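In case you want the letters, here they are:
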Amino acid sequence: MRTKRASPMENPYAPRQYGELVKVTERVYLFRNVVNSTVIIGDNGVAVIDTQVNPVMARRLLKAVRSVTDKPILYAINTHYHWDHTNGNAVFHEAGATIVAREMTKDFMVSRSPRQEAFLASRGFKLGDAPVLPTQTFAQEMELDLGNQPLHLVHLGKAETDDATAIRIPAEECIVSGDTVMTGSFPIFGQPVMNEGLMANHDWINTIKELRTYAPKHVLPGHGPLAHDAEMELLIQIESYFLTEVRNRFEKGMPLNALLTELEANLPDWIRDIAEVWGTPRYAILRVYRGLIDDMEPGWQHLKPSAIPAADAESLSQKIREFADFDAYREASEEVEEGNDFGLAIAILKTATETYPQLPAAWTAYAGLLIRASRTVSSVLEKGDFFAEAKQALNTALELNAAYAPAHLLRGQSEILSAHRNGDAPDDGLVSIHKAMSLGIQGTQLAQAYFCIGMAHRTNGNEAAAKAAFAKAIAADARFMPAQLANMV
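Residues numbered from 1 in each chain as written. Predicted model: local features only at pLDDT ≥ 70, side-chain atom pairs only at ≥ 80, totals over all residues. Heavy atoms only, no water.

### Remarks on the overall build of the protein chain
- In terms of regular secondary structure, the protein chain is built from 20 helices and 12 strands.
- Computed over C-alpha atoms, the radius of gyration of the protein chain comes to 24 Å, within 12% of the 23 Å expected from 2.2 N^0.38 for 489 residues, which places it in the range of a compact globule.
- Once the C-alpha set of the protein chain is aligned to its principal axes, its extents read approximately 75 × 60 × 40 Å.
- Taken over 489 residues, the protein chain has a buried fraction of 54%.
- Of the contacts formed within the protein chain by residues at least 6 apart in sequence, a portion of 66% connects residues at least 24 apart.
- As displayed, the protein chain has an accessible area near 20700 Å², and 50% of this comes from carbon and sulfur atoms. (Helix = DSSP H or I, 4+ residues; strand = E, 2+ residues; numbered from the N terminus. Rg over C-alpha atoms; globule rule 2.2 N^0.38 Å. Buried < 20%, exposed > 50% of the residue type's maximum accessible area, 1.4 Å probe, protein only. Contact = heavy atoms within 4.5 Å. Areas by Shrake-Rupley, 256 points an atom, 1.4 Å probe, with all protein chains shown as cover.)

### Some points on helix α7 (residues 229-251)
- An ideal rise of 1.5 Å per residue puts 33 Å on 23 residues; α7 measures up with 33 Å between its terminal C-alpha atoms.
- Within the span of α7, buried status applies to Met232, Leu235, Ile236, Ile238, Glu239, Tyr241, Phe242, Leu243, Val246, Arg249 and Phe250.
- Contacts from the buried residues of α7 go to β11 (174-182), α6 (203-212), β12 (218-223), α8 (256-265), α9 (269-272) and α10 (281-293).
- Gly253 lies just past α7 and shows a positive phi near 80°. (Expected span 1.5 Å × (residues − 1).)

### Remarks on the nonpolar core
- With 72 residues, the main nonpolar core has Ile73, Phe92, Phe186, Phe189, Phe242 and Val246 as its most contacted residues.
- When residues in this core are grouped by element, the largest group, nine residues, is from α7.
- Residue contacts for Val246: discarding those within four places in its chain leaves Leu259, Leu263, Ile285, Val288, Tyr289 and Leu292.
- Counting residues in each nonpolar core, the second largest holds 33 residues, with Ile308, Phe326, Trp363 and Ala373 among its members. (Core = buried A, V, L, I, M, F, W, Y, C linked by side-chain atoms within 4.5 Å.)

### A few points about the packing of helix α17 (residues 427-438) against helix α18 (residues 444-459)
- Packing of α17 against α18 leaves a shortest axis separation of 10 Å and a crossing angle of 155°. Considered as vectors, α17 and α18 are oriented roughly antiparallel to each other. Viewed along their axes, α17 and α18 form a crossing whose handedness is left-handed. Residues Leu430, Ile433, His434 and Met437 of α17 touch α18, and the partners they reach there are Leu446, Ala449, Tyr450, Cys452, Ile453 and Ala456.
- A breakdown of the residues in the contact of α17 with α18 according to their chemical character gives nine nonpolar, one polar and no charged. (Axes fitted to C-alpha atoms, helices over the stretch in contact; angles between N-to-C directions. Parallel < 35°, antiparallel > 145°, perpendicular 65-115°, else oblique. Left-handed = near helix turned anticlockwise from the far one by under 90°. Nonpolar A, V, L, I, M, F, W, Y, C, P; charged D, E, K, R; others polar.)

Structural data, given as structure tokens:
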């Protein structure tokens, strides 16, 4: 499986801009983030379409809205039921907005949430409280008016989800597509464990074609920059490629694992060169395959091959032969990791946890390696394989010894850096960091703790407090490079 590394020039600890408000027309804005939201202004008030991935990001979106208008927020519209588009509903409900969606969307936010939450938990995500449900619903289409700014909400057909809603803004010649259109990176064609998305019947392609019959000047997508004809043509091209290639192999009787191996090894360059944020070719293959087997095996697909690299059994056996203690496993893993053979390094430490199952240090070292190895993949969902396994390892370490400071420290760092990447609240991570400090740490571990506190402050936008914490980290251990990098910006 091909991986895409971040540019070596990027500083992962630098301050981040969480969302950018892009002016599309005088009265329409796209809030660009990993997940997009749209702001539409009328004479009487505002509509916000899709409410962001978490309440913290929703509050940032609300602040962005207030930077361009003080008119009341009349509606918050959900284009579909997925958590990353609905988790900020509570923030806009509290701001006075009526939450609007299709009846099917409201139903799916309840009926499909257990399966969605299970899938996302398996990728390492914590979803928090259930989103506030819509209070105004419709079946197929609805008209709203913001005051000299009519909105036409319509179900054009199935796409990433069965409940997809598009919002036409006729006066602005714009359409908000939700995840029917995604640009700028490889699309996520639907969760493979769900029986929806890129199916074998071309429904999604037909929905895109239906959207294009309105000849919009701009399409505001669920993910990525503004879409026009070229971007929609590329999306159709990608979908057509996987529908054709997966079906050809399926009809030859090729089992899924063989199909994945062959198709991933032979992807054309124009597919390989597409950046990955959420979706990946592997997810596309799994999604199409699930649709093809539905007639023979009705129900849900549970298979999702892990992105965690594996090691050759013989290489592992030769490497760990005659190891006398855990330190030998740790040192061998570090040596292999320096050569970027993460598959073998992970296998060594996993074997160490099996050899020394009562040793918290083994489980914590294994978790730390998994977190570092997650940087070798680009997709947020593929990184989740590493984070979920690391979380289980840390849980085991703390079950063995609840006062094991290195496990608390690593848990806190993982949660805080995740909050920094995703624009979420770092509070849970800080609890773990302060627990580690209360247990008595010093040297490099103390530097790590102060670095994490600094990153939590940076995530919350308090740069003065962040810099002060980084200075304490450097004072504790001047060689601790993450603190040095964080303090450079």
